[in-house]
2 protein chains.
Amino acid sequence: MTVVTVSSDSLYGLDNLPYGVYSVDGSQPRVATRLGDTVVDLADLLGDEVFARPTLNAFMAQGYERWGQVRAELRERLGQEVPDEVLFPLADVTLHMPVEVADYVDFYASEHHASNLGRLFRPQNPDPLTPNWKHLPIGYHGRAGTIVPSGTDIVRPRGQRKGPDGEAPVFGPSVRLDIEAELGFVVGTGSSLGDTISVEDAERHLFGVVLFNDWSARDIQAWEYVPLGPNLGKSFASTISPWVVPLLALQEAKVPTPHQDPKPLPYLAAERPWGLDVDLEVSWNGEVVSRPPYREMYWSPAQMLAHLTVNGASTRTGDLFASGTISGPEEDTRGAFIELTWGGTEPVQVAGEPRTFLQDGDEVVLTASAPGAGGSRIGFGEARGRILAARQA
Amino acid sequence: MTVVTVSSDSLYGLDNLPYGVYSVDGSQPRVATRLGDTVVDLADLLGDEVFARPTLNAFMAQGYERWGQVRAELRERLGQEVPDEVLFPLADVTLHMPVEVADYVDFYASEHHASNLGRLFRPQNPDPLTPNWKHLPIGYHGRAGTIVPSGTDIVRPRGQRKGPDGEAPVFGPSVRLDIEAELGFVVGTGSSLGDTISVEDAERHLFGVVLFNDWSARDIQAWEYVPLGPNLGKSFASTISPWVVPLLALQEAKVPTPHQDPKPLPYLAAERPWGLDVDLEVSWNGEVVSRPPYREMYWSPAQMLAHLTVNGASTRTGDLFASGTISGPEEDTRGAFIELTWGGTEPVQVAGEPRTFLQDGDEVVLTASAPGAGGSRIGFGEARGRILAARQA
């Protein structure tokens, strides 16, 4: 028996207890939590087969009350001696996709990001925000099947692009490969066709939060996205962090959203719309190039979920919606390179070199932390990806 | 033992043999085929447990060669006596979702439809087609979880809309509820992340074809869709027909696509791009109001799949992509009411009444047929849906 000891400044103390899926030496993937740098097998610790599955979905489907019970039990059990057989050094395990993703929707909830992109993509328009932007959280469906866990290499996508002066589109590897630093929200329990989820009820459906890198080929996107939205510029891959931080661990991180003016329609109105005080870091080849602040996001997670279902669309365990790029008001808080380098015209320094978009071999890592209980900090693991050269035709 | 007899003019003869999932008196759903008005249980007929599943996915994942073997075996076995226990009258069974849908992409492959919508949604533009339209099959991801089988009632969606003269958006039930008559293509075997599917190989991945009604709330769509595409205007429901017609049954229905000019980029080029000579009918409260001809579609199914994967996006068994609204050049071949009634300004007569968009209680049924071998016709079942009043807030 062992008591897992964790230093008081760990991002993975008893106030965090994120959920993930691990294997060791090729074993069957199973659900675990993380305490410090130790991975704890939950099926064996708690004697519950719902954790002997390769994803969190079955556990999430048990619902909000159960999430709270398990969390309380974990906090108690992991403060005491536990059997050595349930513990594994983090360095020895492989982490997998924590969730079988059902439908994936990407929102566009940062006013700073939407304004920057509007200026870059539609410079002819006097207002960088489209007229609908402050009335509804704009979102679109993305490809669930290409969401990959941290550490998966990203093959540079090929596709069509056409410059403003080109006569016709050309085909080839993307030359404007970018990132989008986002948070992803995992729906734990869904809703039936025809029903809605109110902003008040949203929290009972939201299981947890992951880091999300929505890799974006800006040249492909710019040519394809009118009139039906992004497709191949985004669908090649998105990277998520392998640890799902329970929303129950983020109660101290709740902050009011920025003031919403005009007042949202009643189905989006909340007495106190809450965002999350999560500080992200974007590392490019080991150098931190941006620190996007989630607290700046205009639309709240609850508003996004309420909007997503207001037409009666059903939701399922494993649905994932992402926030859209997180950008703050300052230049060094922008969560996409197209903003950070202003469309590639203002390079940033990475290891002493001027850089704009991603080169083959580049690695990007998202990390984040948020306030926990009693002055602790809550860590989100990381979303890491390295760019491989495009395949030959 | 019984020999199932089918009249020579049946749409469900031995040249069709579509796949579906049925149950009878609350039994576990299983895979079946249809011969005339008889449903045939395949697990029991063929003694293969892959058909004792509630979806076609496991069978589809076995791949193209196996699809051909099973089809040949079925044609032979069903020409002879079969045990009575495997046969059920169509009227006695319940039909279910035939496929567990993975990712769903909706294309926009009809030049007539895209031109009509361009004129209606963007009248200020001199060219109704966006500059990219003839260079790539435009598509966007839709909501897989709200694809429902024929017969499912459709609750009128609520959402935001803003007229051109409105100061601010209003919230309420959609007042411009529409249909889109489409074909859906089911991916039987997928492809890995980073790989592509060529136009030549597409047919080995495409299992079959369904009817697809992409219900659309035009008022919600018009307000939300710039800049990231349709979301809540579409995500509340799409209806598919319960019988998947194998592409192997549609060899006689292959026809050249319309001439493609400009010549597509090499990854979209095919020596003989083939469309399908499928004749659809749209019934509105029992009256046929349109006959959309699939043969008019500009982009071929193989081109859509090749485009979808050219960036290295992986595909999965159960992926479904739809063609977009099928509209021919003549007014009475338009596959959406917004086109058929020119934005609601030119009502059509339905049971003697002038009608534009859908009213509560309306029922829409899509049916279709295509040439089979030896002068036979191949039927597609039906995609049926009735509009229920919006829920109260």
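Chain A appears in an unreviewed UniProt entry as fumarylacetoacetase from Pedococcus cremeus. As stated in UniProt under Pathway (unreviewed entry), the record for chain A gives "Amino-acid degradation; L-phenylalanine degradation; acetoacetate and fumarate from L-phenylalanine: step 6/6."

K.L.:
What's the story with the environment of A109 of chain B in this structure? I'm lost.
P.N.:
All names here are of chain B. Inspection of the secondary structure puts A109 in the loop between β6 (104-107) and α4 (111-121). Residue A109 is classed as buried on the basis of its relative accessible area of 0%. For the pair formed by A109 and A322, sequence separation is 213 residues and the distance between their alpha carbons is 9.2 Å. Beyond its immediate stretch of four places on either side in the chain, A109 contacts W133, M297, Y298, W299, M304 and S323.

K.L.:
Any chance you could explain the interface of chain B and chain A here in plain terms?
P.N.:
With 57 residues of chain B at the interface, the matching set in chain A holds 56 residues. Each partner contributes to the roughly 5300 Å² buried at the junction of chain B and chain A, and carbon and sulfur atoms together form 58% of this total. A per-residue breakdown of the area chain B buries against chain A is headed by H141, R143 and L228 of chain B, which together make up 15% of the total. Among the ionic pairs, D195 of chain B bridges to R391 of chain A, the shortest N-O distance being 2.7 Å. At the level of elements, β7 (139-142), β10 (158-161), β11 (170-173), α6 (218-224) and α7 (301-309) of chain B are the ones that each hand at least two residues to the side of chain B that touches chain A. For the side of chain B that touches chain A, the element with the highest residue contribution is β7 of chain B, accounting for four residues. Each residue belonging to the side of chain B that touches chain A can be placed in one class, and the counts come to 29 nonpolar, 19 polar and nine charged.

K.L.:
Where do I start with the side chain of S238 of chain A in this structure?
P.N.:
All names here are of chain A. Following the sequence through the fold, S238 ends up in strand β16 (residues 238-240). The exposure class of S238 is buried, given its relative accessible area of 3%. If sequence neighbours within four positions are ignored, S238 has contacts with Y104, T146, I147, V148, F212, N213, D214 and W215.

Cut-offs used in this document
- Numbering of residues starts from 1 in each chain and follows the order in which that chain's sequence is written.
- Both sets of labels track the order of writing: A upward for chains, 1 upward for ligands.
- Only residues with pLDDT of 70 or above have their local features reported here, since the model is predicted, and side-chain atom pairs are shown and tallied only from 80 upward, although totals for entire chains, interfaces and linings are computed over all residues.
- Note that water and hydrogens are dropped before the side-chain values are worked out from all heavy atoms of the structure.
- UniProt positions are given in the numbering used here, feature names are shortened, and annotations may be inferred rather than shown by experiment.
- Each helix corresponds to a stretch of at least 4 residues labelled H or I by DSSP, and each strand to a stretch of at least 2 residues labelled E; elements are numbered beginning at the N terminus.
- Think of it in three bands: with a 1.4 Å probe and only protein chains considered, a residue is buried below 20% of the maximum accessible area for its type, exposed above 50%, and partly exposed in between.
- The criterion used for residue contact is that any of the two residues' heavy atoms lie within 4.5 Å.
- Note on definitions: buried area is the accessible-area loss of two parts on being combined, 1.4 Å probe, summed for both.
- Here, a salt bridge means any Lys or Arg side-chain nitrogen found within 4 Å of an Asp or Glu carboxyl oxygen.
- Residue polarity is assigned by list, with Asp, Glu, Lys and Arg as charged and Ala, Val, Leu, Ile, Met, Phe, Trp, Tyr, Cys and Pro as nonpolar; anything else, Gly included, falls into the polar class.

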